[in-house]
Amino acid sequence: MLHRRITVVTTFTFDCDVPSLSPRRLVLLGKSGVGKSAAGNTILGQKEFRFVRRMNSVTSECSEAHATVSGRSVSVVDTPGLSHTEMEPEELMTEIARSVHLSSPGPHAFLIVIRVTDRFTEQEEEILQQIEMMFGKEVLKYSFILFTHGDWLKEESLQTIMERFPALRRLVDQCGGRFHVFNHEDENNREQVNDLLQKIDSMTEQNGGGHYSNQMLEDAQRFRREEEEQRKPQEKGIMLNIGQLNLPRVGAVCGGLLGAAVGALAGPVGAAVGGLAGPTGAAVGKVVGSVVGVAAGEAFARNK
Ligand SMILES: Nc1nc2c(ncn2[C@@H]2O[C@H](COP(=O)(O)OP(=O)(O)OP(=O)(O)O)[C@@H](O)[C@H]2O)c(=O)[nH]1
Ligand SMILES: [Mg+2]
């Protein structure tokens, strides 16, 4: 009897997408000079983005760089400042939107960079409105406030600063209370980077492992276009109403009123003169008054 030995090789596939080791794609957003590029370098642990202390904006184009950080692949996209000193608003918006494509298939987190030393007013809240306008409401689910210049915080903790500035508290609250403080002066401190990545992991977990996508960006852009289209007819409506006004008639009415007023004024003057010079003077005064009035009225109507 022939015995056949059959060997069954079973392949088990483990899904190795362990959350803490899965790649992370991050986009840095914020005003000019707040330390976006410097923060990008701190995260990657290498000098990829140019940063300098300057009055004018430094970064004018989006750029992507990646590195292995604590055993995982991390990609960072640096963007021009939302308050760029030289770019036109439309050009700036198009360039910043490109960050999503560079972060393909889409970023896990938008790091909204704010300097702890800034004075926090309602104006700071406008940053978030600007970001929402560009990327849509969905963006808040993936947003995270990253404070830079942590070395400037003395004994005061960020919690106490937030108590002093309700606008800042509101800003953080809108991002689900997520924030982290960075100190670029201490760039070799990898703990601050690992802590940030952990916080981003929790956010990603809350988002079911998902990320912001090109589709969300397209939806936001379509929504913005539709809103603009809806606004246009109303603006046109105002223009039409002005266009439909019968200007010659308006001119004639205004002219008539003006003429009557001048006539009324000139009439008594003539009458006074006439009163002095006798009945002829009065008649002449009245005629002069009315002629001046009518002429003024017609001139006004003609100009219209
Ligand atoms: N002391 C201190 N300085 C910092 C920190 N982060 C950034 N800076 C400095 O702030 C300046 C501006 O930093 P950048 O990274 O160029 O700022 P940015 O937001 O990229 O600016 P733009 O490219 O113009 O939009 C640089 O001189 C940095 O060295 C920080 O945590 N502490
Ligand atoms: Mg920069």
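Preceding this section is the structure that the text describes.
This section reports on the structure supplied with the text.

Each value, and the rule that gives it
Residues numbered from 1 in each chain as written. Chains lettered and ligands numbered in written order. Predicted model: local features only at pLDDT ≥ 70, side-chain atom pairs only at ≥ 80, totals over all residues. Helix = DSSP H or I, 4+ residues; strand = E, 2+ residues; numbered from the N terminus. Buried ≥ 20, exposed ≤ 12 C-beta atoms within 10 Å, placed from the backbone. Contact = placed C-beta atoms within 7 Å. Near = placed C-beta within 6 Å. Nonpolar A, V, L, I, M, F, W, Y, C, P; charged D, E, K, R; others polar. Expected span 1.5 Å × (residues − 1). Arc of directions from axis to C-beta.

Some points on the overall build of the protein chain
Right, on to step 1. Of the regular secondary structure elements, the protein chain holds 9 helices and 6 strands.
Right, on to step 2. Of all 304 residues assigned to the protein chain, the portion counted as buried reaches 27%.
Right, on to step 3. If you take every contact in the protein chain between residues at least 6 apart in sequence, the share linking residues at least 24 apart comes to 71%.

So, the site of ligand 1
Right, on to step 1. Gly35, Phe51, Thr59, Gly81 and His184 are the nearest of the 23 residues found near ligand 1.
Right, on to step 2. With 3 residues, the single largest contributor to the shell around ligand 1 is helix 1 (residues 36-44).
Right, on to step 3. Considering only residue class, the shell around ligand 1 consists of 7 nonpolar, 12 polar and 4 charged.

With respect to helix 6 (residues 190-206)
Right, on to step 1. Over its 17 residues, helix 6 extends 25 Å from the first C-alpha to the last, a length consistent with the 24 Å expected when each residue adds 1.5 Å.
Right, on to step 2. If you check which residues of helix 6 are buried, you get Val193, Leu196 and Ile200. Seen end-on, helix 6 carries its buried residues on one side only, within an arc spanning 60°. Along helix 6, the residues that are exposed and aim more than 90 degrees away from the buried face are Glu191, Asn194, Ser202, Glu205 and Gln206.
Right, on to step 3. Contacts made by the buried residues of helix 6 are with strand 1 (24-30), helix 1, strand 2 (63-69), strand 4 (109-115), strand 5 (143-148) and strand 6 (179-181).
Right, on to step 4. Of the residues trailing helix 6, Gly208 is marked for its positive phi of about 65°.

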